[in-house]
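# Fold and contact review
Here is what each chain is made of, one letter per residue.
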Amino acid sequence: MAGMAGRAAKAMRAGHQASAGELLELVRSGRATTRGALQQATGLSRATVGQRLDRLFRAGWLREGAGGPVDSPQGGRPSITLEFDDEHAVVLAADLDTRHGRAAVVSLSGEIQAEHHGSLRIEDGPDAVLGELGRWFAELLEKAGQRADAVCGIGIAVPGPVDTDTGKVVQPPIMPGWDGYDIRGRLGRAFAEHAGIKSADGVGGVGGVGGAGGATGAGVTRSGARIPVLVDNDANLMAYGEQRTGYPDCSAFALVKVSTGIGAGMVVGGSIYRGVDGGAGDIGHIRVGADALCRCGSYGCLAAVASGGAVARRLAESGVPATSGSDVRDLLTAGHPEAMALAREAGRQVGDVLATVVTLLNPGVLMIAGDLAGTPFLTGVRELLYQRALPRSTAHLDVVTSRLGERAGLVGAGALVVEYLYAPERVEERLAALGV
């Protein structure tokens, strides 16, 4: 939460009168968790802090915790600590791959309350896939013992580049029929339908928030406010989930997902780095000089020779039944010798490209995730990465594999929604909509 605390501190230095949203941010970040600490951090009077906090209590977003340290050097009763109430709402999260999908009900603190995974083929098109996802969400809420009106937001990870202003995928190489499709609107309607939400105006857009991963989303009405549907690239959200839960102090974090395709997500300064129009991290389409035809239509892309799909294709050519990255993963788990050899070779090819990425970004952590993220592939990555990258670029680099595994995208999607909804400016908008 470094970025969160930084925004609040900057506002204080500028002489700005801290809002209720900024007080909530200070509490959530742990920088100020008592009334006295909030007064000290913001310069607000005791009465003003009390008024701001009262709005947050009435919204149900804050609660009192155990007694904390005594605020006054003269002693007295222990101060009451303030806590973000992470039980007042839940988030729906989904992570789509080319052949499978995963969905969950996630608490505001990132804990998964109910989860489902099953077959969802991206090539079946957005209408069918998102319709089915809406049904999963409704069933998961029942499984988690939650009502539809407890949902405050929906986050979805997709295997393609996402325009951050519209939440739409743009020319996705492995998502036929999805280019420019209104994911937010369709998913919002599907959820409303399956959850039994009958409000005629319950689906639509909310105010623009450029740069929030397509957060200008459609949603269903809850307590007078819209439920946003946020869309982002799967590698971005995996990186966000892994960095926040396992490496919160790492200021430059990179994750490479190697499954049917290859993509990278980067978290810099606590925020996802997306580039100008959401195309950052698309390393699978860096040319590596080979003559293999890629699904994007070009020749020589890294994904055409080193992805899970490419390894599956080579295995199939030698008579081993494999059609996707998940098939390769199963063969690697079983210790299949040819699959292991090809995965190591693919790792070397990816490691060669990552030497440039590491030199440019200088991350503290480089995480390998996805179907091929096992010992053979990781060994190949390390062989070429350390051979080709400058020693200075790797001196403080940890090359690791995923901690969250297949849940990383879900955790990241949930975190993206929470950070969007509880950003100071959005807190003020939501409090006004709630009439508190």
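Let us look at the structure shown here. (Residues numbered from 1 in each chain as written. Predicted model: local features only at pLDDT ≥ 70, side-chain atom pairs only at ≥ 80, totals over all residues. Heavy atoms only, no water.)

Let us now look at the overall build of the protein chain. Helices and strands together make up the secondary structure of the protein chain, namely 15 helices and 14 strands. Of all 436 residues assigned to the protein chain, the portion counted as buried reaches 54%. Carbon and sulfur atoms make up 48% of the accessible area of the protein chain, which totals about 18,400 Å². (Helix = DSSP H or I, 4+ residues; strand = E, 2+ residues; numbered from the N terminus. Buried < 20%, exposed > 50% of the residue type's maximum accessible area, 1.4 Å probe, protein only. Areas by Shrake-Rupley, 256 points an atom, 1.4 Å probe, with all protein chains shown as cover.)

Before going further, it helps to spend a moment on the environment of Thr379. One can find Thr379 in helix H12 (residues 375-388). Along the backbone, Thr379 and Ala343 are 36 residues apart, and their C-alpha atoms lie at a distance of 9.4 Å. Only 2.7 Å separates the side chain of Thr379 from the backbone oxygen of Thr375, close enough to count as a polar contact. (Polar contact = N/O pair within 3.5 Å; in protein donor to acceptor, adjacent residues only side chain to side chain.)

For the rest of this paragraph, the subject is the nonpolar core. Membership of the largest hydrophobic core comes to 53 residues, with the highest contact counts inside it found for Leu38, Leu56, Phe253 and Tyr422. Of the residues forming this core, the biggest block, nine residues, is contributed by helix H14 (residues 408-421). Excluding anything up to four places from it in sequence, Phe253 contacts Ala239, Glu242, Gln243, Tyr247, Gly265, Met266, Val267, Val365 and Met367. Counting 39 residues, the second-largest nonpolar core is a separate cluster that includes Ala306, Val320, Ala339 and Ile368. (Core = buried A, V, L, I, M, F, W, Y, C linked by side-chain atoms within 4.5 Å. Contact = heavy atoms within 4.5 Å.)

Structurally, Gln243 is set in helix H7 (residues 234-246). Within the structure, Gln243 has its side chain in polar contact with the backbone oxygen of Pro248 (distance 3.5 Å). A distance of 3.3 Å separates a polar side-chain atom of Gln243 from the backbone oxygen of Cys250. Residues within four places of Gln243 in sequence aside, it is in contact with Pro248, Cys250, Phe253 and Val267.

Let us look at the layout of surface pockets. Put simply, the second largest pocket is a space of about 700 Å³. Around the second largest pocket, the lining comprises 41 residues; the ones closest to its centre are Thr98, Ile174, Thr260, Gly261 and Arg295. Of all the elements in the fold, those that place two or more residues in the lining of the second largest pocket are H7, strand E11 (262-268), helix H8 (302-306) and helix H9 (308-317). (1 Å grid on protein atoms, 1.4 Å probe; cavity = no way out; pocket = protein on both sides within 12 Å on 5 of 7 lines; lining within 4 Å. Points joined across faces, edges and corners; volume = space filled by probe spheres on them.)

Okay, H14 next. For H14, built from 14 residues, the straight-helix expectation of 20 Å at 1.5 Å per residue is met to within 8% by its first-to-last C-alpha distance of 20 Å. Within H14, 14 of the 14 residues are buried, which leaves it mostly tucked inside the rest of the structure. (Expected span 1.5 Å × (residues − 1).)

The next thing to look at is the pattern of salt bridges. What the rule picks out here adds up to 28 salt bridges. The partner of Asp86 in a salt bridge is Arg63, and the shortest N-O contact between them spans 3.7 Å. In this pair, Asp86 is assigned in the loop between strand E2 (80-84) and strand E3 (90-96) and Arg63 in strand E1 (residues 62-67), connecting sequence segments 23 residues apart. Arg63 gets classed as partly exposed once you look at its relative accessible area, which sits at 26%. (Salt bridge = Lys/Arg side-chain N within 4 Å of Asp/Glu carboxyl O.)

The next subject is the packing of H9 against helix H11 (residues 337-361). Each pair of packed helices can be described by the angle between their axes along with the distance between the axes. For the pair H9 and H11, interaxial distance at closest approach is 10 Å and the crossing angle is 140 degrees. Our classification of the angle between H9 and H11 gives oblique. When you trace H9 past H11, the crossing you get is right-handed. Contacts from Val311, Arg314 and Leu315 of H9 reach H11 at Glu338, Ala339, Leu342, Glu345 and Ala346. When the residues that make up the contact of H9 with H11 are grouped by side-chain class, the tally is five nonpolar, no polar and three charged. (Axes fitted to C-alpha atoms, helices over the stretch in contact; angles between N-to-C directions. Parallel < 35°, antiparallel > 145°, perpendicular 65-115°, else oblique. Left-handed = near helix turned anticlockwise from the far one by under 90°. Nonpolar A, V, L, I, M, F, W, Y, C, P; charged D, E, K, R; others polar.)

In this section: the sheet that holds strand E10 (residues 252-258). Read across the sheet, five strands follow the order E12-E11-E10-E13-E14 without closing on themselves; strand pairing throughout is mixed. The open sheet has two free edges, formed respectively by strand E12 (271-272) and strand E14 (398-401), since each of these has just one partner strand. Of the strand pairs in this sheet, E11 and E12 are connected by two bridges, and their pairing is antiparallel. What sits directly across from Val267, in E12, is Ile272. Strands in contact with H7 are E10, E11, E12 and strand E13 (365-369); relative to E11, the strand with the most contacts, it is inclined by about 45 degrees. Lying over the sheet, H12 contacts E10, E13 and E14, oriented at roughly 165 degrees with respect to E14. (Pairing = 2+ DSSP bridges.)

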